[in-house]
Amino acid sequence: MRRGGQIVGGLLLASFGVAQTAAAQEIDWSNFDFAGYLAVETRVFPESPQYADQEETTVSPSVVAQPELRYRWNGRDDRITFVPFARVDAHDDARTHVDIRELNWYHGGDDWDTVLGVGKVFWGVTESRHLVDIINQTDLVESPDEEDKLGQPMANLNLLRDWGSLSFFVLPGFRERTFPSDDARLSGALPIVKEDTTYDSGAEQWHVDFAARYAQSFENWDIGVAHFYGTSREPRLIPGVDGSGRTVLRPHYDIINQTSIDAQYTLDSWLLKLEAMTRFGQGDPFFAAVGGFEYTFFGVHNSDIDIGLLAEYLHDGRDDKAPQTPFEDDVFLGTRLTLNDFENTSLLAGVILDLDQEERIFSLEFERRLTDHLNLELEGRFFDNVDSDDVLGGFARDSYIEMRLSWFF
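Source: prediction; values computed, not measured.

**Q** An account of the overall build of the protein chain is needed here, citing residue identities and associated values.
**A** Counting its regular elements, the protein chain contains 1 helix and 21 strands. The C-alpha atoms of the protein chain give a radius of gyration of 22 Å, which matches the 22 Å a tight globule of 409 residues would have. In terms of its C-alpha atoms, the protein chain occupies a principal-axis envelope of roughly 65 × 60 × 40 Å. Out of the 409 residues in the protein chain, the part that is buried amounts to 45%. Here the contacts in the protein chain between residues at least 6 apart in sequence split such that 57% fall between residues at least 24 apart. Between the centroid of the 34 positive side chains of the protein chain and the centroid of its 72 negative side chains there is a distance of 4 Å.

**Q** Describe the side chain of Arg-213, naming the residues involved and giving the relevant values.
**A** Its location among the elements puts Arg-213 in strand 9 (residues 209-218). Its relative accessible area of 15% is what places Arg-213 among the buried residues. Side chain to side chain, Arg-213 and Asp-262 meet in a polar contact 2.8 Å long.

**Q** Quick rundown of the side chain of Thr-197? Include the residues and the values.
**A** Positionally, Thr-197 belongs in the loop between strand 7 (164-171) and strand 8 (198-199). A polar atom in the side chain of Thr-197 sits 2.7 Å from the backbone oxygen of Lys-194. If we skip the residues at most four places from it in the chain, Thr-197 touches Glu-176, Pro-251 and Tyr-253.

**Q** Before we move on, could you go through unusual backbone geometry and cite the residues and values that matter?
**A** The backbone of Glu-146 shows a phi angle near 65 degrees, a positive value even though the residue is not glycine. One non-glycine residue, Asn-302, adopts positive backbone phi at about 60 degrees. With respect to the helices, strands and loops of the structure, Asn-302 is situated in the loop between strand 15 (286-297) and strand 16 (306-316).

Conventions and cut-offs
- Note that residues are indexed from 1 along each chain, following the sequence as it is written.
- It should be noted that, the model being predicted, local features are given only for residues of pLDDT at least 70 and side-chain atom pairs only at 80 or more, the latter also being counted only at that level, while totals for whole chains, interfaces and linings use all residues.
- Calculated side-chain values reflect all of the structure's heavy atoms, with hydrogen atoms and water omitted.
- Here a strand is any run of E in DSSP of at least two residues, a helix any run of H or I of at least four, and the numbering for each starts at the N terminus.
- For this measure, only C-alpha atoms enter the radius of gyration; the expected value for a globule follows 2.2 Å times N^0.38, where N is the number of residues.
- Burial classes: relative accessible area under 20% of the type maximum marks a residue as buried, over 50% as exposed, and values in between as partly exposed (1.4 Å probe, protein chains only).
- Note on definitions: a residue-residue contact is assigned when non-hydrogen atoms from the two residues lie within 4.5 Å.
- Asp and Glu are treated as the negative residues and Lys and Arg as the positive ones, with His and the ends of the chain left uncounted.
- A charge is said to be at NZ when it belongs to Lys, at CZ for Arg, at CG for Asp and at CD for Glu.
- Polar contact is the term for a pair of N or O atoms within 3.5 Å; when the atoms are in protein, one must be able to donate a hydrogen and the other to accept it, and sequence-neighboring residues count only if both atoms are side-chain atoms.

Here you go:
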């Protein structure tokens, strides 16, 4: 544990050391970029809670702040980035939290670059589920769609060549997944005892993970192939009994090997997409994939409006010894509306259909700029025909609509 802490501390100290070296030089204040946003959010739950110990919450407000500070020098080949994040929630204590999304030093060479510190990396091309996105841990208190991520300590080297790019990652500090409070909405059927978290590795959260990825774009193809070795970002939730005789879930993080591919093929109005992976270390080795297409009608009726049609198939072959997932045999259908107006108005609506149990998850995302600095977003998640014994059983009455009003500066 001490060795892992020294590694993480070393990464951050190195970033600060570079920042101090830059500050020791004559500072050009024009090289500073300060941006970010402040937001007010409100979640509305139309139905009453499913469980007696959940708080009777219909309207749940919160406030969010995410400033972004960047300093560039050396002909913009060097950059320090600092992106903190904070939320205060009226009802969910776990959702009231602070995180460092990014705090790192970037240096770019002629055909290589490197990132040292806390960063965010995204891999993936599909819409309904990102199977291959494994570097950063999910910040689950932010949203059940698993799109929000915690910052990850890393040392990242990228080699940029004509035949593609090679990325190498050393990840010395593991971040545990965040979960809603036991009495909050979207908390699920059973309490999760985060204090009793266990690990495969004796080093626990200080196990050093490794990842590598090759990416290339040629003709109409964009392809990435990656391998990850280390602590799984998906915990197994193991049932047990606490001291008071209450049934609880305890997170356990396995050591896994995961090999993945993501590919996108562009042909006129078509986007063909695939994410697939194999994983070892959580029960029997298993294969999972998401694949489909997006077709866009550009300039509908000679207007500026674009309409996209999306369809994807989701397969996951894991057994009962792996973390549970609701996406074993499902289909995603959706549509994307882009007005291409001055306000950047867009709408994405879709549904994931379970082909075995006929469960449905409807989703809605709307965004529109109100002024140069003010932005409006609406988001909805609706659970329909959910079986109480299924993975989603604990969320059957937790459908919600969320409104966010953000001021960008």
